[in-house]
Amino acid sequence: MKALRRSKIFSLYFYAQRRNLSSVADATLQKAAEEEEFDSVWECKDSNILPFLHRTVQECAKERAAMNGKSVHSQIIKFGYEADTLTTNMLINMYSKCGLVDFARKTFDEMPQRTLVSWNTLMGSYIQNKDGEEVLHLFVQMQREGTQFSGFTVSGVLCACAAKFAVFESKQLHAFALKVSLESHVFVSTALLDVYAKCGLMNDAFRVFDSMPERNDVTWSSMVAGYVQNELYEEAVMFFHRLQKSRVEHNQFTLSSIISACAAVAALLEGNQVHTIVRKTGFGANVYVASSLVDLYARCGCIKEAYMVFSNAEVKNAVIWNSMISGFARNARPLEAMTLFEKMQLAGFYPTEVTYVSVLSACGHMGLVDKGRIYFDKMKKEHNLSPNVYHYSCMVDILGRKGLVEEAKDLIENMPFAATPSMWGSVLASCRVHGNVEVAEIAAKHLFELEPNNAGNHVLLSNIYASKRRWGDVASTRKLLKDSEAKKERGKSWIQIKDKVHTFMVGERNHPSIAEVYSRLDELLVGMEKLGYKGKAEHDLHDVEESRKHELLRHHSEKLAFTFGLMCLPSNAPIRIMKNLRICGDCHSFMKFASKITGREIIVRDVNRFHHFTNGSCSCGEFW
């Protein structure tokens, strides 16, 4: 169809040329010529042909028809119109749209007279092709020639700096904007705060934003996105509240960014509020907003709600398929993840590297070694995807969780990448579960080199020694930790009640309701013990008496958070707990009994995965 359309265009042009028909140029082109080329001293030779050439160049730019565009360029030269500034600007734009930057530059360099449009168009071409260096060179050349510039020129150069994270050049341009009184130009200011945000300078970005006399939805969106990109999720949520008070219209980019922020901190309440705004504004049909919502609900453990958003999405792309598959994997739904993986291909979408990370992760959580190996081979043979470090990390996790720690170690040592701390950390954790001291020592040695300040690796090795009653090695490991500068991350759990987050640590004393929490927890433990619950003292590996071990386990942070949720939440509401470390075996057992005795659904998101406890069982199938 496109070829037929181009054929008609050229037939019209040559027909008009033969018949020497008169024509009037497009009104928009005439206006542009009057406004931008008023200072041109060149005069057209044949006003009857030139409008057709202009229209044809514009059509070639619209259709990205490079070969036809070159043909028209040759006709322009043939009829002697190559010196016309308006015509040449159109050619530069056409070559830029077709991705032929070298042709655009050659046309630009041969111009006898350039306008601001000429410079801006060529700079835009380099920006689209991510050649920020050449944009800066052009801007310097422009200044040396004394060419007039505009706010769009400066904002374009700033965009180039943002693409290459050029902090020094950006600050120079900021000073230049101040010097020429362009700092209040909305596009310049927006470009400035965007480049500062992308370079991680959010304080500078906020200062630019705060000093702006005029803001638009793009400005607000850039700030929200900047906070999210710099992992300042709580600040992003607070800034979004300010945006709502300003009554600026929401756009899909702002909504997608703030949903991502809510997902990162599992802020379900705020996420639900944003979802309501999405429904009101009609952006639910936007596939990227829908993908963010799927990710939000999956990260909050609301897998049914995530699938509902996915199912109702009018348009689906690879991103939303990947979000849903990842959500199933994260929430211990491996069969659903694998089924959706097949449906994705039936729908005509090819799996990506991200897709395979999700399905391999699903296999890892359920210990499906054979299935994991099939997927690992399939991505290379069927979809021509080279496994990256994340795929190897998943395979190491799959092997380690199944107790094949020797094979996991060999895979790390023979893979074409340098091992990451998470890989050796996975092996060390698997050695803790399966009691392999020899491989644990190898993994710990690598981790001490890769993460010298991570005290958790020392503690985990110490725990492995303690499980084998090797108290001498425990003492030496803890002495090594004490002598080093490494610091152990303290375990904590938090729960959101209405609009407030409550955080607990083991032996918590500062929470205003802590006395009531301890009293209620003791009552709950008495009832659970009647049903057969016994604290698993082997999960406290201190060299102390058995009774003391039970005492240390009694007040773990997730138990305190659960008890507080039981006290404050409605009887039909699930209790959602977040934890910064892996849930221990005793607390896992506690949550199973608690879900049975209270009849509540308990959702715990630890550092590795989600655990859904209902009626005395967990979604992980005792494998985590």
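The model shown is predicted, which means the values in this text are computed figures rather than measured ones. (Residues numbered from 1 in each chain as written. Predicted model: local features only at pLDDT ≥ 70, side-chain atom pairs only at ≥ 80, totals over all residues. Heavy atoms only, no water.)

### Comments concerning the packing of helix α11 (residues 186–198) against helix α13 (residues 217–229)
Part 1 of the argument: At their nearest, the axes of α11 and α13 sit 9 Å apart, and the two run at 5° to each other. In this view, α11 runs roughly parallel relative to α13, as classed from their interaxial angle. Contact residues: Val-186, Thr-190, Leu-193, Asp-194, Ala-197 and Lys-198 in α11; Val-218, Thr-219, Ser-222, Met-223, Gly-226 and Gln-229 in α13.
Part 2 of the argument: In terms of residue class, the contact of α11 with α13 is made up of 5 nonpolar, 5 polar and 2 charged. (Axes fitted to C-alpha atoms, helices over the stretch in contact; angles between N-to-C directions. Helix = DSSP H or I, 4+ residues; strand = E, 2+ residues; numbered from the N terminus. Parallel < 35°, antiparallel > 145°, perpendicular 65-115°, else oblique. Contact = heavy atoms within 4.5 Å. Nonpolar A, V, L, I, M, F, W, Y, C, P; charged D, E, K, R; others polar.)

### Side note on the sheet that holds strand β2 (residues 500–505)
Part 1 of the argument: Taken in spatial order, the 6 strands of this open sheet run β2-β1-β3-β4-β5-β6, and their pairing is mixed. The open sheet has two edge strands with one neighbour each: β2 and β6 (617–618). (Pairing = 2+ DSSP bridges.)

### Description of the packing of aromatic side chains
Part 1 of the argument: For the coordinates displayed, the defined rule picks out 21 aromatic pairs.
Part 2 of the argument: Ring centres of Tyr-307 and Phe-328 lie 5.8 Å apart, and the angle between their planes is 45°; this geometry places the pair in the tilted category. Taken together, the residues span a long stretch of sequence, with Tyr-307 in helix α18 (residues 303–312) and Phe-328 in helix α19 (residues 318–330) at a distance of 21 residues.
Part 3 of the argument: Ring centres of Trp-321 and Phe-349 lie 6.2 Å apart, and the angle between their planes is 45°; this geometry places the pair in the tilted category. With a gap of 28 residues between them, Trp-321 in helix α19 and Phe-349 in the loop between α20 (334–346) and α21 (353–366) connect regions that are remote in the sequence.
Part 4 of the argument: The rings of Phe-206, Phe-209, Trp-220, Tyr-227 and Phe-239 are connected pair by pair, giving a single aromatic cluster.
Part 5 of the argument: Sitting above the plane of the Phe-108 ring, Arg-114 keeps its charged end 4.3 Å from the centroid.
Part 6 of the argument: Across from the ring centre of Phe-310, 5.0 Å away, lies the NZ or CZ of Lys-316, which sits over that ring. (Phe/Tyr/Trp six-rings, centres within 6.5 Å; stacked < 30°, edge-to-face > 60°. Lys NZ or Arg CZ within 6 Å of the ring centre and 35° of its normal.)

### With respect to helix α29 (residues 514–530)
Part 1 of the argument: For α29, spanning 17 residues, the distance from its first C-alpha to its last is 25 Å, which sits close to the expected 24 Å at 1.5 Å a residue.
Part 2 of the argument: Listing the buried residues of α29 in full gives Ile-514, Val-517, Tyr-518, Leu-521, Leu-524, Leu-525 and Met-528. Seen along its axis, α29 keeps its buried residues to an arc of 130°; they face one direction. Set apart from the buried face of α29 by more than 90 degrees, the exposed residues are Ala-515, Glu-523 and Lys-530.
Part 3 of the argument: Downstream of α29 by a residue or two, Gly-532 has a phi angle that is positive, lying close to 115°. (Expected span 1.5 Å × (residues − 1). Buried < 20%, exposed > 50% of the residue type's maximum accessible area, 1.4 Å probe, protein only. Arc of directions from axis to C-beta.)

### Comments concerning the UniProt feature "repeat: PPR" (unreviewed entry) in the chain
Part 1 of the argument: Under the UniProt annotation, "repeat: PPR" (unreviewed entry) lies at residues 84–118, 216–250 and 317–351.
Part 2 of the argument: The straight-line gap between the two end C-alpha atoms of residues 216–250 is 10 Å; of that span, 77% is helix and 0% is strand.
Part 3 of the argument: Secondary structure content for residues 317–351 is 74% helix and 0% strand, and the end C-alpha separation is 11 Å. (UniProt positions renumbered as here; feature names shortened; annotations may be inferred.)

### Things to note about the pattern of salt bridges
Part 1 of the argument: Per the counting criterion, the structure on display carries 20 salt bridges.
Part 2 of the argument: A salt bridge links Glu-145 to Arg-114, with the shortest nitrogen-to-oxygen separation between them at 3.7 Å. With Glu-145 in the loop between α8 (132–144) and α9 (151–163) and Arg-114 in the loop between α6 (101–109) and α7 (116–128), this residue pair connects regions lying 31 residues apart in the sequence.
Part 3 of the argument: Glu-558 is the salt-bridge partner of Lys-579, the closest N and O atoms lying 3.1 Å from each other. Of this pair, Lys-579 sits in strand β3 (residues 575–579) while Glu-558 sits in helix α31 (residues 557–568), placing them 21 residues apart in sequence. Considered together, Lys-579 and Glu-558 belong to a single accessibility category, that of buried residues.
Part 4 of the argument: Connected through salt bridges with shared partners, the residues Arg-105, Asp-109 and Glu-134 form a single ionic network. (Salt bridge = Lys/Arg side-chain N within 4 Å of Asp/Glu carboxyl O.)

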